[in-house]
Amino acid sequence: GMYTGIQATGIPALEVCGNQFEASRQHALHLEEGSGGRLVRNRITQTEGPYAVYLNKGVQQLRIVQNEIVENRRSGLAISSSHDIVIADNQIRQNYDAIFLEDVDDVLLLDNHVLDNQRHGVSLRNVGRVRFQGDHIGPNRGVGILAQPAEKTQPTRPGRTVAGNASAPSAAAAAGQASPQ
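Here the structure is a predicted model, which means the values were calculated and not measured. (Residues numbered from 1 in each chain as written. Predicted model: local features only at pLDDT ≥ 70, side-chain atom pairs only at ≥ 80, totals over all residues. Heavy atoms only, no water.)

(A) Local environment of the pattern of salt bridges. Applying the stated criterion across every chain yields a total of nine salt bridges. A salt bridge links Asp-84 to Arg-63; its shortest N-O distance comes to 3.2 Å. Placement of Asp-84 in strand 11 (residues 83-88) and of Arg-63 in strand 8 (residues 60-65) is noted, with a sequence separation of 21 residues between them. According to the relative accessible area criterion, Asp-84 is buried, its value standing at 19%. The class of Arg-63 is partly exposed, set by a relative accessible area of 28%. Where Arg-119 meets Asp-97, a salt bridge forms, and the shortest distance between an N and an O atom there is 2.8 Å. With a gap of 22 residues between them, Arg-119 in the loop between strand 15 (113-115) and strand 16 (122-125) and Asp-97 in the loop between strand 12 (91-93) and strand 13 (99-102) connect regions that are remote in the sequence. A single network of salt bridges, built from pairs that share partners, joins Arg-43, Glu-68 and Arg-93. (Salt bridge = Lys/Arg side-chain N within 4 Å of Asp/Glu carboxyl O. Helix = DSSP H or I, 4+ residues; strand = E, 2+ residues; numbered from the N terminus. Buried < 20%, exposed > 50% of the residue type's maximum accessible area, 1.4 Å probe, protein only.)

See the structure below:
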């Protein structure tokens, strides 16, 4: 397969719509340094690298809508050091981790289906404002939404809202190992 499907640096109005990315060795999509735009109706599968879709170093004003991010070896979607991102109506399933957000602000997750992942549904590390609305998160084998501070930095900032989500029990809860409420 190809090394990376698309790598873009500093492209503020990039549109990637209706494509299939299969068996990339690193990332299917890697956007950074001021890139933004729309990722719509793409199918991203069987990526071998650490992230199927990797957004870092100042990605902003990006809309990730109606994509299918499935069966990737590691994380389906990873976003770091970026802001003003909408992740809506995506199928993110059968990856190791579904979504990883680190050092981000002003992120909306809306009506996504995040399920059947080997570990966590959504991992948050050292984030600002992140909103969940109408997402279906689970079942996943790990935690549905895991929020934690970054190592050796300030604690996670306030401003997270979780509302109107459906969550299935984790594998541990299904096995009777759930922690007390």
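(B) Broad picture of the sheet that holds strand 16. Ordered by their spatial adjacency, seven strands build an open sheet running 1-4-7-10-13-16-19, and the pairing between neighbours is parallel. The sheet is open, and its two edges are formed by strand 1 (4-9) and strand 19 (145-148), each paired on a single side. Between one strand axis and the next, the sheet turns by 5° as a mean value, whatever way the strands run. In this sheet, strand 10 (residues 75-80) lies alongside strand 7 (residues 51-56) in parallel orientation, the contact comprising four bridges. Bridging across to strand 10, Tyr-54 finds its partner in Ala-78. (Pairing = 2+ DSSP bridges. Axes fitted to C-alpha atoms, helices over the stretch in contact; angles between N-to-C directions.)

(C) View of the packing of aromatic side chains. The tally for this structure, following the rule as stated, stands at one aromatic pair. A ring pair is formed by Tyr-51 and Tyr-54, whose centres lie 4.6 Å apart and whose planes are at 25°; its orientation type is stacked. Residue classification places Tyr-51 among the partly exposed positions, given a relative accessible area of 22%. Residue classification places Tyr-54 among the buried positions, given a relative accessible area of 18%. (Phe/Tyr/Trp six-rings, centres within 6.5 Å; stacked < 30°, edge-to-face > 60°.)

(D) Region of the structure containing the pairing of strand 2 (residues 14-17). Along strand 2, the buried face is formed by Leu-14 and Val-16; none of Glu-15 and Cys-17, which line the opposite face, is buried. Both strand 2 and strand 5 (residues 37-40) contribute to a ladder of four bridges, which runs parallel. Paired with Val-16 across the bridge in strand 5 is Leu-39.

(E) Examining unusual backbone geometry more closely. Residues Gly-138 and Pro-139 are joined by a peptide bond in cis, for which omega reads 5°. Relative to the elements of secondary structure, Pro-139 occurs in the loop between strand 18 (136-137) and strand 19. With a phi close to 55°, Asp-106 is a non-glycine residue in the positive phi region. Inspection of the secondary structure assignment puts Asp-106 in strand 14 (residues 105-110). The exposure class of Asp-106 is partly exposed, given its relative accessible area of 32%.

(F) Focus on the environment of Ala-23. You can see Ala-23 is positioned in the loop between strand 3 (20-22) and strand 4 (27-32). Spatially, the C-alpha atom of Ala-23 lies 8.5 Å from that of Asn-72, the residues being 49 residues apart in sequence. Ala-23 has contacts with Gly-1, Met-2, Thr-45, Gln-46 and Thr-47, leaving out every residue within four places of it along the chain. (Contact = heavy atoms within 4.5 Å.)

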